[in-house]
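Residue strings, one per chain:
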Amino acid sequence: MDATIKQRIKELKLQRNAMIVAHNYQLPEIQDLADFTGDSLELSVKAASIDCQVLVFCGVRFMAETAKILSPAKTVLFPVLEAGCPMADMITREELIAFKQDHPGAIVVCYVNSSAEVKAECDIAVTSANAARIVSQLPPEREIIFLPDRHLGAYVQAKTGRQMVLWPGYCPTHARITPQEIRALRNRYPNAVVLVHPECPSDTIEEADEVLSTGGMCTFVRTSTSKQFIIATESGIIHRLKKENPNAEYIPVSPYAICPNMKQIHVEDVLRALEKMEYPIQLSEEIRERALLPLRRMLDGRIE
Ligand code: 13P
Ligand code: SF4
C-alpha cells in the first residue's frame, strides 16, 4: 500500500474523527486499513457502538445502510456507490408489500442482506450467524416469510424444523459453490475441516463439517486443533484467517468464489471518501425508523 496515501488517510481520520470498518470479504488492503473487520452481525453491532462522527463503510450498500439505520447521528460514507449486493436487489419494497398481502398475518423475517426499504416492511432481521436461533424462537402457530435468500432459508428450515415461505433470492457467488468441488478437495486433503457458509445451496451444505457465518469461521479456526481448512465461502475471508492464524492452511473451495461487488473498494476510494466526504448514506427518516425496528429486535433479542 502506498505509504503517502496511508499517511493521508490517517491524517483525515483524525481531522474528521472518522473510523473505517470493513467486511471480511473486502480486499486485503482494505481489511488491513480498517479499524474493525467483521461479519454482518459484528459490523451491525460495531456500527451502533463505535465512537466517531464519520464511519467509512467498506462492504456492500445494504451494510452501510444498516450502519446508518443504527447510528443516524454519524455520517456514514460509502466510498463506491455501485457496490451493491445482487441478492439484496432480488426483492423490492413493492414486491414485498404485494407478497405480504397473499400471506396476511405472517411474520416477515429478513436476512440483513436486504435494502433499508425492504427492511422497513419486515418484522425481524437475522444474519447468517443468528438466523436459526431467532427463527426457532418465533411463535409456532404463525406463518413465516423468509427473504431474500432461499438457500439460507432452506438451511434454517432444515436446522429448526420450521416451515417457512421462502423468497426465491440467492447469492450468485455462493450459488456457484458445488458439492463436487468440496468432495474433490476432501479427497486431496482428507484431514481438512470443511467450513461452509449457509448462503450455499443445500447439496453443498450437506458436505460441510461446520456451517458458519464468516465471523463464525474466524472463531472456529481460532479454537480448532486442525491445521487445514477447506473454505467454502467468498475467498476474501482467507486473508483474515491467515492473518489471525498463520500456522494453518486454508484451501479456497473454488477460484470462482469471488464476489465482484465486495472487491470494488480500493484504498484510493477510501482516501477520496474521506477527502470529499463521499458518498454519505441518506435515508428518509420514515424508512430509517421503520427499518430500525427489525434490526433492534434482532440486536436486543426481542421476539414479540
Ligand atoms: P456474513 O459475513 O454475515 O457471514 O455474510 C456473508 C455475506 O455474504 C455478506 O454479504
Ligand atoms: Fe451479496 Fe453474495 Fe456478494 Fe455477499 S457475497 S455481498 S450476499 S452477492
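The shown structure was predicted, so the numbers you read here are calculated from the model rather than taken from an experiment.

J.: Looking at this structure, I do not really get the site of ligand 1. What am I missing?
T.: Taken together, 13 residues are adjacent to ligand 1, and His23, Ser40, His197, Glu199 and Thr214 come closest. Within the side chain of Ser40, a nitrogen or oxygen atom sits 2.8 Å from an oxygen atom of ligand 1. Bound to the protein, ligand 1 loses 96% of the 300 Å² it would expose on its own. Split by residue class, the shell around ligand 1 holds 4 nonpolar, 7 polar and 2 charged.

J.: What exactly am I supposed to notice about the site of ligand 2 here?
T.: Every residue near ligand 2 is listed here: Tyr25, Val60, Cys85, Pro86, Met87, Asn113, Cys171, Glu199, Cys259 and Met262. Grouping the constituent residues of the shell around ligand 2 by class yields 8 nonpolar, 1 polar and 1 charged.

J.: Help me understand the packing of helix H1 (residues 3-16) against helix H14 (residues 267-276) in this model?
T.: In a packed pair of helices, the relevant descriptors are the angle between the two axes and the axis-to-axis distance. H14 packs onto H1 with a crossing angle of 30° between their chain directions and a minimal axis gap of 10 Å. Accordingly, the angle class assigned to the pair H1 and H14 is roughly parallel. At the point where H1 passes H14, the crossing takes the left-handed sense. Of H14, the residues touching H1 (which contributes Ile5, Arg8, Ile9, Leu12, Lys13 and Arg16) are Val267, Glu268, Val270, Leu271, Leu274 and Glu275. Taken together, the residues of the contact of H1 with H14 break down into 7 nonpolar, no polar and 5 charged.

J.: Is there a simple way to think about the pattern of salt bridges in this case?
T.: Between side chains of opposite charge, a pair can form as their charged atoms come close. In total, this model carries 19 salt bridges according to the counting rule given. A salt bridge links Arg61 to Glu65, with the nearest nitrogen and oxygen atoms 3.6 Å apart. Taken together, the residues Arg61 and Glu65, both in helix H4 (residues 61-70) and 4 residues apart, mark about one turn of the helix. For the salt bridge of Arg272 with Glu278, the shortest nitrogen-to-oxygen distance reads 2.9 Å. Each of the two residues, Arg272 as well as Glu278, counts as buried. A network of salt bridges, in which partner residues are shared, links Arg93, Lys100, Glu121, Glu286 and Arg290.

Rules used in this analysis
Each chain carries its own residue numbering, running from 1 in the direction its sequence is written. Ligands are numbered from 1 and chains lettered from A, in the order in which they are written. Given that this is a predicted model, residues contribute local features only at a pLDDT of at least 70 and side-chain atom pairs are listed and counted only at 80 or more, while totals for whole chains, interfaces and linings are drawn from all residues. Calculation of side-chain values draws on the structure's entire complement of heavy atoms; hydrogens and water are dropped beforehand. Summary of the distance rule: residues count as near a molecule or strand when at least one heavy atom falls within 4 Å of that molecule or strand. Here a polar contact means two N or O atoms within 3.5 Å. Within protein one must be a hydrogen donor candidate and the other an acceptor candidate, and residues neighboring in sequence count only if both atoms are side-chain atoms. Areas reported here follow the Shrake-Rupley algorithm with a probe of radius 1.4 Å; residue values treat only the protein chains shown as occluding. Each residue is assigned to one of three groups, with Ala, Val, Leu, Ile, Met, Phe, Trp, Tyr, Cys and Pro labelled nonpolar, Asp, Glu, Lys and Arg labelled charged, and all others, Gly among them, labelled polar. What counts as an axis is a line fitted to C-alpha atoms, over the stretch in contact for a helix, and the angles between N-to-C directions run from 0 to 180 degrees. Secondary structure elements follow DSSP: runs of H or I no shorter than four residues count as helices, runs of E no shorter than two count as strands, and numbering proceeds from the N terminus. Geometric relationships in this document are graded by angle, where less than 35 degrees denotes roughly parallel, more than 145 denotes roughly antiparallel, 65 to 115 denotes roughly perpendicular, and other angles denote oblique. A crossing counts as left-handed when the near helix is turned anticlockwise from the far one by less than a right angle, and as right-handed when that turn is clockwise. Contacts are assigned to residue pairs that have any heavy atoms within 4.5 Å of one another. Here, a salt bridge means any side-chain nitrogen of Lys or Arg that lies within 4 Å of a carboxyl oxygen of Asp or Glu. Burial classes follow relative accessibility: with a 1.4 Å probe on protein chains only, a residue under 20% of its type's maximum area counts as buried, one over 50% as exposed, and anything between as partly exposed.

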